[in-house]
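# Understanding the architecture of this molecule
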Amino acid sequence: MNSQHSTTVAAADEEPAMAVIDLVADATGIDPLELDPLYNAIDPEVIDSLCTSSPGFSSLEFEYAGHTIVVERSGQEIEISLEPVTIGADQSLGVTDNDPSL
């Protein structure tokens, strides 16, 4: 994913669900306490448990606060990236991509 906003956290250092909230808040300029609860999109415990205790986990993608969130494991780190979700002229949902060749 060609992400406008991303962050990397050590799997053991920070709860990935909190890192998602912090990244979205930073990207949107909205206070984390004013964002919709993450559990309205996905159970935060699922994100945290998959990232920290599932050896076969590689990635997870979901929509939250107008963004497509991708959580990926890379060795001992978790990379979290987001892209704004847009609605095209045909009313279909899509992810913004700045690559003019697409």
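Just so it is clear, the model here is predicted, and its values are computed rather than measured.

### Some remarks on the overall build of the protein chain
The helix and strand tally for the protein chain stands at 2 helices and 5 strands. Secondary structure elements of the protein chain occur, N-terminal to C-terminal, as β-α-α-β-β-β-β. Counting only residues that meet the buried cut, the protein chain has 29% of its 102 residues in that class. Of the contacts formed within the protein chain by residues at least 6 apart in sequence, a portion of 45% connects residues at least 24 apart. Total accessible area computed for the protein chain in this model is approximately 6200 Å², and 47% of it derives from carbon and sulfur atoms.

### A few points about the pairing of strand E3 (residues 67-74)
With 6 bridges connecting them, strand E2 (residues 59-64) and E3 associate as antiparallel partners. Bridging across to E3, Phe62 finds its partner in Ile69. The antiparallel pairing of E2 with E3 creates a hairpin that spans 2 residues between the two strands, and Ala65 there sits at a positive phi of about 50°.

### Points about unusual backbone geometry
One non-glycine residue, Ala65, lies in positive phi territory at about 50°. Here Ala65 is to be found in the loop between E2 and E3.

### So, the side chain of Asp48
As for its placement among the helices and strands, Asp48 is situated in helix H2 (residues 44-53). For the buried Asp48, no salt bridge exists, and the shortest N-O distance to an oppositely charged side chain is 10 Å, to Arg73.

### Things to note about the confidence of the model for the protein chain
Looking at the protein chain, pLDDT values average 79 and 76% of them are 70 or higher. For the stretch residues 95-102, pLDDT sits under 50, and the model shows 11 contacts to residues farther than four places along the chain or on other chains.

### Some details on H2
Considered for burial, the residues of H2 that qualify are Ile47, Asp48 and Cys51. Projected onto a plane normal to the axis of H2, the buried residues spread over an arc of 90° and lie on a single side. Set apart from the buried face of H2 by more than 90 degrees, the exposed residues are Glu45 and Ser53. Between the side-chain oxygen at the start of H2 and the backbone nitrogen of Glu45 there is a gap of 2.9 Å, and the oxygen is on Asp43.

### So, the nonpolar core
Ranked by internal contacts, the top residues of the largest apolar core, which has 22 residues, are Val20, Leu38, Phe62, Tyr64, Ile69 and Val71. Taken together, the elements giving at least two residues each to this core come down to helix H1 (16-28), H2, E2, E3 and strand E4 (77-87).

### As for the environment of Glu63
Mapped onto the fold, Glu63 is located in strand E2. In this structure the C-alpha to C-alpha distance between Glu63 and Pro84, which are 21 residues apart in sequence, comes to 9.4 Å.

Analysis parameters
Residues numbered from 1 in each chain as written. Predicted model: local features only at pLDDT ≥ 70, side-chain atom pairs only at ≥ 80, totals over all residues. Heavy atoms only, no water. Helix = DSSP H or I, 4+ residues; strand = E, 2+ residues; numbered from the N terminus. Buried < 20%, exposed > 50% of the residue type's maximum accessible area, 1.4 Å probe, protein only. Contact = heavy atoms within 4.5 Å. Areas by Shrake-Rupley, 256 points an atom, 1.4 Å probe, with all protein chains shown as cover. Pairing = 2+ DSSP bridges. Lys, Arg positive; Asp, Glu negative; His and termini not counted. Salt bridge = Lys/Arg side-chain N within 4 Å of Asp/Glu carboxyl O. pLDDT = per-residue confidence, 0-100. Arc of directions from axis to C-beta. Polar contact = N/O pair within 3.5 Å; in protein donor to acceptor, adjacent residues only side chain to side chain. Core = buried A, V, L, I, M, F, W, Y, C linked by side-chain atoms within 4.5 Å.

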